[in-house]
Structure formats: C-alpha cells, structure tokens
Amino acid sequence: MSGDMRTEDKEAVAEGTVLVLGGSGYLGRAVSLALDAAGWDVVALSRSGTAAAGRGVRGDVTRHNLGLSGDEAAALRGSVTRIVSCFGSVDWSAGPATALDLHAAGVRTMLRFARDCPGLGGLVHVSSLLAFGRAEGVVGNRELYVGQTFRNWYEYGKYHAEALVREARDLPITTIRFGPLLGPDPSGAPLNAADGLPAVLPYLVQGYPVHLRDGGRFPSYAGDVACAAELVGRAVARPAAGATWTWYDPDLPTVSEVLHRLCRPWGVVPKIVDWPAVGRLQRLVAGRIGLPKALLDYAEPWFQIDPAVLSALPGGIPRCRPGYLDATGAALRAPDADLQGSFV
Amino acid sequence: MTGRFPEIDIDAHPRFSVYSAGNLGEVAPQRLSPMSWSLVGTPMERGTRRLVRRIWGDRPWGQGDHYVFLGYFGCKPYHNLSAYAHLARQLPRVAPEDVADAYFEGVAAPQTAARRESGYNRMAAVPRLVRELGRLGPTLRRLEEDVFLVEQHARTAIGLRSEAGLAETLLRAADLLDDAWATHIITTTGLVPLTVVQRAVNKRLLGSYGEVEPWLNRPRELVWSRLHDFAGDEGALLPGEFLNSSFYEVADDQMPWRQFAVRHKAVTEGNANARGLVDPAEAQWGMLGGVRGRVVQSIARVIGETMSSREHSKSLVMRLLHVHRRTLPVLAELWSVDAGVWPYLTIEEFRRLYREPGLADQVPARRAACERAIVTPMPEHLDLGGAAPRSWADDAPKQARGVSPGRVTGVVVHAEDDLPEDVPCILVCESADADVAPLLGFVDGVLTQRGSDMSHIAILSREYHLPAVVGCALVKDLKPGDTVTIDGTTGEVYVER
C-alpha cells in the first residue's frame, strides 16, 4: 500500500508560499485557513479572487498561466514552493464538457505551471473516491482504473484528472482521495448544498421517501472538511512524491446515518426505504419534483475501500470533529445557506 | 460554355445556381487540371446521380445533360450548394442548413424553387438510404481487394512498359473509381440524416442534444494510420504510396498545377502521445443503462462507423488517382505524346487519344484557357443565377466552431515545422486533410481556418481524441511559437499573451 511512498524524513518546516488552486471553494477555504495557521504564506487562486486566509488572486485554472498575466504568473512561479489543487465542481449533473474542461484541462494547466516553478517542493492533488465509480471488489491506494463504469461526468472527470496526475512522474505529487466532504465551513461561510449528498435534503425534509438499497446501510465514506484540510496540510508540509493517500471518517458512517443526521435539525426522520419500485418511480418523476437525477445513481452500495488505506496515512489517522454531521445539518438550516432556496 | 468564364468551364445548372467550394475548398487544391477534374468531379457527379436514382428514382432534379451536383469554373472545383440543399429537403426532417453545417462551413443555404418530393417519397427514401448504408461494409471490402489488384497490375505494366497493360489498368480503374466515389457519396450523404436522427432521438431520451454527442460520435479506427504504414518505396505502388503525393491533383509534378498542390510533412519517427485513459465515449456508455443507453449507443456507433467508411472510401479514391498519376505519364510517353499534354485532357479524351491523335491538337487552346482561368480570382461561394456571376456569401467562415471536444492550451505549430518537444502543441493550418494524420499523434489540438462539422480533419481529430476548432479567422495571424487555447466544444479560441 505504502511501498511507493517516499515521504521526506526531515521535520516539516512551514516556510514558503503555497498556491491553493480553487482557494475560494469549500475545501479550498478550509485548506487556506489550515495552511495559514501552520505558518505558510498562502496564495488562494480562484475565479472570484477571494480568500479565507492569505492573499486572494483572481485566476482561472482552465486558462493558460492559470489565467494570470505574464508578469503575475512569472512572479508567482518564482515564489511558489508548494501547490495544492482544490479546484473542481461537485456538480454530479454536469455534462462532459464542463467536467472535463475543469478537471482534466485544469489539471493539465496546473501541471504545466508547476513544471515552470523552480522552487517547487511538492504538489498536493485532491482527488475523490468517486473516481472509482461503480468499481467492484476491494480497491485501495494503488488502484485507479479497475474496469469500473462511471455514474456521471463528475466521477469520470475526477478519474481523468487523477490519471493525468499519475502520469506526471516528473513532479513531486501527493494525491489525496476524499469521499463526500461535510461539516461546517471552518471559515464560517454559508454552505452551498446544491450539489452532492445534501442536494437530497429538500426532498427528504418535506417527507418524501427515498429508495436506498439495504435502507442506506452501506458506507458513505464521508469525512469532515476540517480534517481533510488538516491532512492536506500534512501533505504540504511533508511531500510524499508519487504517493496516494485515502482518507474518510474512520467511524465509517453509512449513507443512512449521514442523511438522518443531516435531517435532524429540521426534526425530521428521513423516510429511507428499500423499495426498488420507489426508485423507479423517483427516476420517472425526478425532474418534476426537483430531485436531481444524478443522486438516484447513488442508491446502491458505492464501492469497497480497503480499510488498510487509513493505517497507511503517515502521522496517524485524523479524527473528525465530534458532531460534524449534526453541525452540517444545522449549517444547512441556517438562513444564509444556499439550501434554503430549495424549499420554496 | 457559360461565356462568362474561360471556356474550360462546364455549363452551369439552369436552376440550381449557387455553388460553393465547400468541403472541396478545404481539402482539394484551389485549382484542378482538366484531367484531375475528370477523375474527381465527373465520377463524383455520376456517383451522386446514382444515389439519387436508387433512392428516389429518375427525377428531373437529379439528372440532365449538365452537371447537377458539381461545378468546375475557372479550373476551381465546386459543389452545387443549391442542388445539395434541394437534396436535403427530399428526406424527412432534414433541412438544407444541416447540409450547410456539415460540409459547407455553415454558409447560408439557398432556397430553391424546385418541387419537393411528396411525403410518401420522402419517407420511402429512408429505408432505401438505410439499405445503401448497410451495404457499405461489403462494398468497401470488395473495393479494397480490387483496388489492390489494380495497383499491382499498374506496377507490373509500368515495369514492363506495356501499352496494353497500362491501357487495361486505366479501364479497370475507371469502373472502380466510379464505385469508390459512389461509396464516398453514400457515406457523405448518409451522415447528415444520421445526425438529424440522433438529434431527435437524443433530445427525447437524454433531454438534450449537443453536449455528449461530440464525445460519442467517434470513429473507432480510421484507415489512414494503416496506410501510412504501407507507404513503401516510390514506384512500388503500395496502398499508402499516394500519401507522399498531393491529394486530388494527379498532375502535381507539373506546372501550373504543382503550385496548387498541398503536401504536408509526414512525421514517421518519435513517440506518439500515449493515451491509456478510458475513452469518454466508453464512460458515457456506463452512464446510460438499459434500452435508452443501447439506443443512444447504437446511433453513435453507426455514425462513427459511417465516418470510418467515409474515410475508407476516400482513401480508395486517392489510391486510384495515384494509379492514374503513375500510369498516365508512362502511357503518354509510349504514345509519343508530349508530357505536358495529358493534364489538359479529360480521362475520356486520353483513352481515345491513341485512336484520335487529333485530340491533342485541342490542347494548346485549352492550356491557354486554363492559364487565363487560374489567374482569375474565384470566390468560395458563387451565385451564377444573375446576369453576371457574383459571390454568394462572404468567403470568410461565419464563426469558429468546435468539431472535436476538449480544451487544450499549446504552442502553435505549422505542418511543415519541426514539432517542439515537451510542450503541448496545436497544429494550425488553413485547412487539413488526411495527409496530416501522421502528425496528429504528436500534437495536442488542431485549429484550422477552413472546415465544417463533418470535415475530414474533424473526423480525424475525433479518432485521435484531439480537441479541434475549424473555421477560425485568427489562423492567418498566428505564428509558430504563439500560445493559444482552443475549446473543441464551444469553438472558442484564445490567443494567450
């Protein structure tokens, strides 16, 4: 599992500049905060140019030079010692162009930029366990393509991006795979719950039933965003070139448990049933009742991750903040959360 | 003769008056010798008429003692856009704009006053066209064998300098050329209604059209890669030898035709881009389950196979033209005809030359006509419906369009340049044909000034999974070393500073 990992033995020293691509996103904000707290000089690049910590820079990972002017790009190349890729959309309904332009073309741009950074000591690529799609059998850090099919273009985009990263053996890249990330935003920003698992909440909270195989008693591989950011910080501090790490909540909450906890602040017990007929009906009427069709593809067990991936993490297994799932629900119920619009 | 262009011109169609270089303008030389025209335009016309006859029967709009579907004015080959627009209207749900988008760079399709076939005839045409498409595989296999035999026959005849053998080669090649062009016309025509069907079906089954189809409509394997491996030594007349010559022009070693011949540099060494990723089309199949997925998949596969057949039939045509390229000079020499004469004759005239040597006496006048013609500027789109010829539309492409999806940033390279190592590069050229196929494994994108949705370069780019944008007016301003970003989905092109 960890045979290909070449973690530097020297003690981590937070010196230098970390370029966080997608720094205004959910994970990007958390990573920026964590790195800033660890003493790194953080430059957060995003299309909005905002930053939770450090300096925000307006750019675009799908454009040449990350969308920066020649001078800006040259200055950044000269100062950057680490790069973290947190960019990406978690839109499971996105089409191929959107998914591939962002994930594949964005990664290519990032790799090209990284190759021109003379002081680059490490690059952390954030991938997703969903890159395994509908993989069968037990999968771990070594595997990427095991003959799986993909549920949507997001999964394929993440797979494609990670494959490109694996080919870039000339760069000191650590790949970290996460499952669905939840938890309150460490920067205090409202949650955007239009995509991913929380997108089903409006439907559940209104009392409609949802079909899940075995009542949703299969692993969700969810994790706390703050812990994920901490792990990214660990990889930034101690680059493990060529290594792939996988992390999820070691308590392994099931999909059913996640949905129950997310619904709790509304005082609602989600109606999760194991009735394929309901699933078929939902597929027929999904568009009319505002249920994202892409979510219905996650009603079956996803894949099986080798538990040994957690023990392979250098520095121990990060533990999630207690109650982060309940806190996510509470954050989603907050008046400023994007989810509120879905209940109209 | 029209009397409005040099007398080498054909008669313009009396009712279908708008001509466009269209797909020929992208891939064929800007001017063709009369010999090449008789090997390209005339059999293509015969092939299109044959298709019309098989599908709709003998129709006034598809026949006559003038060319209907092709044109040759000022030594420039044209398609008759009006005739193709009219042909499009004879199929259910197909509009002239579909043809214009597929093969005429999106130029406005003209209205024609010719009567449309009845609804019954339009519907009845569908199974007949399907039958024609269903015959493509066996036809191409037969042609492949026969063309190979003709190539070997030509090689032997040239080696022996046998008049009889060479004359027989031309006779054998004539029928095969007709068949190969007819097959090419079937594939070219068939792709338009197939995409229309796909649009209708996918809108119903997927709820949208245009997003996933560019990723799905890919030929699995085109014939060009194999042919480039079979180029062989010059004179061996191996199947791929024609790739070292200009396409379409058989007199490409003679002036003035040589100046119009296009030859790209072929790369034969180095490592092509390795692609071990799961194909997006394969990924899409996994996302579409059940009957719905199988229907979408089947249509896309049929379109991909038809694209392959289109390229295959074109390669057979080019091989037969190459047989003429090698045979004609030798036979002319054996018949004591001056080497500069045969490009000014049609192939029918050349075959009669031995029995009617006086035909060669017409050549000086025709040569003079051609010399006048080739210095006459000719528009890309031509309206001959008025008192005087006029341009039908602006020659410049309307807008850049993505024809093979994906987004890439790279350094501009031209086909004749050495390709830079270790940096992504984008092949930039005015137009491109299958002769750039060897380059495609070494570049990361394609950008051309000319092109349509179903251009050969569009099909090739799809096979190689390269983002491609055609119809980009910026091309002429780009220099090697510039950095550009192209989006093969939206057609956007950014010049990076």
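Definitions and limits used
Residues numbered from 1 in each chain as written. Chains lettered and ligands numbered in written order. Predicted model: local features only at pLDDT ≥ 70, side-chain atom pairs only at ≥ 80, totals over all residues. Contact = placed C-beta atoms within 7 Å. Helix = DSSP H or I, 4+ residues; strand = E, 2+ residues; numbered from the N terminus. Nonpolar A, V, L, I, M, F, W, Y, C, P; charged D, E, K, R; others polar. Buried ≥ 20, exposed ≤ 12 C-beta atoms within 10 Å, placed from the backbone. Right-handed = clockwise from strand over helix to strand, strands pointing away. Core = buried A, V, L, I, M, F, W, Y, C linked by C-beta atoms within 7 Å. Domains from an automatic or database assignment. UniProt positions renumbered as here; feature names shortened; annotations may be inferred. pLDDT = per-residue confidence, 0-100. Pairing = 2+ DSSP bridges. Axes fitted to C-alpha atoms, helices over the stretch in contact; angles between N-to-C directions. Parallel < 35°, antiparallel > 145°, perpendicular 65-115°, else oblique. Left-handed = near helix turned anticlockwise from the far one by under 90°.

Comments concerning the interface of chain B and chain A
Facing the 19 residues of chain B at the interface are 20 residues of chain A. Elements with a contribution of two residues or more to the side of chain B that touches chain A: helix H10 (280-287), strand E7 (407-413) and strand E11 (483-487) of chain B. Residue composition of the side of chain B that touches chain A, grouped by class: nine nonpolar, six polar and four charged.

Re the pairing of strand E2 (residues 17-21) of chain A
For a regular strand, the rule is simple: side chains alternate between the two faces of the sheet. Of all five residues that make up E2(A), four are buried, and the element is covered over most of its length. Where the polypeptide runs from E2(A) across helix H1 (residues 26-37) of chain A and back to strand E3 (residues 41-46) of chain A, its parallel neighbour, the crossover connection is right-handed.

Here's the deal with the nonpolar core
Ranked by internal contacts, the top residues of the largest apolar core, which has 266 residues, are A:Val20, A:Val232 and B:Ile426. The element contributing the most residues to this core is helix H11 (residues 290-334) of chain B, with 14 residues. Three or more residues apiece are contributed to this core by two domains, here domain 1 (18-374) and domain 2 (401-496) of chain B. For B:Ile426, the contacting residues outside a window of four places in its chain are B:Val408, B:Gly410, B:Val411, B:Val412, B:Val413, B:Val443, B:Asp444, B:Gly445, B:Val446, B:Leu447, B:Val484 and B:Ile486.

As for the UniProt feature "domain: Thioester reductase (TE)" (unreviewed entry) in chain A
The residues that UniProt annotates with the feature "domain: Thioester reductase (TE)" (unreviewed entry) are residues 57-201 of chain A. Structurally, residues 57-201 of chain A comprises 32% helix and 17% strand, and the distance from its first C-alpha atom to its last is 34 Å.

So, the domain arrangement of chain B
Residue and element names in this part refer to chain B. When the domains of chain B are assigned, the result is domain 1 (18-374) and domain 2 (401-496). Each of domain 1 and domain 2 was reduced to a C-alpha centroid, and the two centroids are 23 Å apart. Each partner contributes to the interface: domain 1 provides 35 residues, whereas domain 2 provides 29 residues. Elements that contribute at least two residues to the side of domain 1 that touches domain 2 include exactly helix H1 (22-27), helix H4 (96-103), helix H8 (213-216), helix H9 (224-229) and H11.

Focus on the environment of A:His103
Residues and elements named next belong to chain A. Residue position: His 103 is located in helix H3 (residues 96-115). For His 103, a count of 30 C-beta atoms within 10 Å puts it in the buried group. Dropping the residues within four chain positions of it, His 103 is found in contact with Gly 88, Gly 157, Lys 158, His 160 and Ala 161.

Some details on the confidence of the model for chain B
Residue and element names in this part refer to chain B. On average, residues of chain B carry a pLDDT of 86, and 94% of them reach 70 or more. Segment residues 1-6: pLDDT under 50, and 15 contacts once partners within four positions in sequence are set aside and those in other chains are kept. Low pLDDT, under 50, characterises residues 267-272; the predicted model gives this stretch seven contacts beyond four residues in sequence or across chains. In the model output, the complex is listed with pTM 0.80 alongside ipTM 0.81.

Observations regarding the sheet that holds strand E2 (residues 70-73) of chain B
Residues and elements named next belong to chain B. As summarised here, the arrangement of the five strands in space is E2-E3-E1-E4-E5, forming an open sheet in which the pairing is antiparallel. Each having just a single partner strand, E2 and strand E5 (390-391) make up the two edges of the open sheet. The pairing of strand E4 (residues 381-383) with E5 spans two bridges and is antiparallel. Counterpart to Asp 383 in the pairing with E5 is Arg 390. Packed on one face of the sheet, helix H2 (residues 34-56) meets E2 and strand E3 (76-80) and runs near 150° to E2.

Description of the environment of B:Ser225
With respect to the helices and strands, B:Ser225 occurs in helix H9. Separated by 213 residues in the primary sequence, B:Ser225 and B:Pro438 have C-alpha atoms spaced 7.2 Å apart.

Remarks on the packing of helix H3 (residues 81-88) of chain B against H4(B)
Residues and elements named next belong to chain B. Between H3 and H4, the shortest axis-to-axis distance is 7 Å and the interhelical angle comes to 125°. Taken as axis vectors, H3 and H4 run oblique relative to one another. You can see that H3 and H4 cross each other, and the crossing is right-handed. Contacts between H3 and H4 involve Tyr 84, Ala 85 and Ala 88 on the former and, on the latter, Pro 96, Asp 98 and Val 99. Considered class by class, the residues forming the contact of H3 with H4 number five nonpolar, no polar and one charged.

Concerning helix H15 (residues 456-463) of chain B
Burial of H15(B) is extensive: eight of the eight residues sit out of reach of the surface. Phi turns positive, to about 55°, at B:His465, one or two residues after H15(B).

Regarding the sheet that holds E7(B)
All names here are of chain B. Ordered by their spatial adjacency, seven strands build an open sheet running E6-E10-E9-E8-E7-E11-E12, and the pairing between neighbours is mixed. Bordering the open sheet on either side are strand E6 (401-404) and strand E12 (493-496), each of which pairs with just one other strand. In this sheet, neighbouring strand axes are inclined to one another by 30° on average, regardless of whether the strands run parallel or antiparallel. Bridge count between E7 and strand E8 (residues 425-429): three bridges; the pairing is parallel. Paired with Val 412 across the two strands is Ile 426, which belongs to E8.

A closer look at H4(B)
All names here are of chain B. Of all eight residues in H4, six are buried, a share of seventy percent or more. Within H4, the full set of buried residues consists of Pro 96, Asp 98, Val 99, Ala 100, Ala 102 and Tyr 103. Structurally, H4 contributes buried residues whose contacts are with H1, H3 and helix H7 (163-205). Following H4 by one or two positions, Glu 105 adopts a phi angle in the positive range, close to 55°.

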